[in-house]
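Read off the chains here:
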Amino acid sequence: MSMHLCPILIVEDVERPAAYYERFFGFERCFDGPMYKGVKHLESGLEFGFMTPGEGDCMPATDGKGLMFGFLVEDVDAEHKRLTEAGAEPREEPSDKPWGDRSFTLVDPCGVTLYVYQEGVPAPEFAQYVVKK
């Protein structure tokens, strides 16, 4: 089965997050309506949508809490520097995690935590949990 996942966040201001992903992560606008903005990263094929809330309680706006997007990069230190120089505000410097990642986080305009990481070698206590295919 072929599948394409496009997360759609319900937000009050659809322009702010679309512009954020364009500015800091190289996404391009693929849909630019007043109630829906779509952005796509042409190299990876990753796509996000931002939609205004629906009527009633059927599609309430998110505050982003409890949601995290992981961005696997080749060089997390270079990405941290690039994003900081571009005006993004990472929460911390890159650091090595015992599960094997070197990472840092940001928060997008929707309140979603962005986990930017590169893969490494997990500490022995985490190595047992890595599923190899």
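These notes cover the structure that comes with them.

The rules behind the values
- Residues numbered from 1 in each chain as written.
- Predicted model: local features only at pLDDT ≥ 70, side-chain atom pairs only at ≥ 80, totals over all residues.
- Heavy atoms only, no water.
- Helix = DSSP H or I, 4+ residues; strand = E, 2+ residues; numbered from the N terminus.
- Buried < 20%, exposed > 50% of the residue type's maximum accessible area, 1.4 Å probe, protein only.
- Contact = heavy atoms within 4.5 Å.
- Areas by Shrake-Rupley, 256 points an atom, 1.4 Å probe, with all protein chains shown as cover.
- Salt bridge = Lys/Arg side-chain N within 4 Å of Asp/Glu carboxyl O.

### Here's the deal with the overall build of the chain
Secondary structure assignment for the chain yields three helices and eight strands. Taken from the N to the C terminus, the helices and strands of the chain come in the order β-α-β-β-β-β-α-β-β-β-α. Taken along the three principal axes of its C-alpha coordinates, the chain extends 50 × 40 × 25 Å. Counting every position in the chain, which comprises 133 residues, the buried fraction comes to 36%. Across the chain, the fraction of contacts at a sequence separation of at least 24, relative to all contacts at a separation of at least 6, is 49%. When the accessible surface of the chain is totalled, it reaches about 8,500 Å², and 54% of it is carbon and sulfur.

### Digging into the pattern of salt bridges
For the coordinates displayed, the defined rule picks out nine salt bridges. A salt bridge links E15 to R29; the shortest N-O distance between them is 3.0 Å. With a gap of 14 residues between them, E15 in helix α1 (residues 15-25) and R29 in strand β2 (residues 28-32) connect regions that are remote in the sequence. For R29, a relative accessible area of 25% translates into the label partly exposed.

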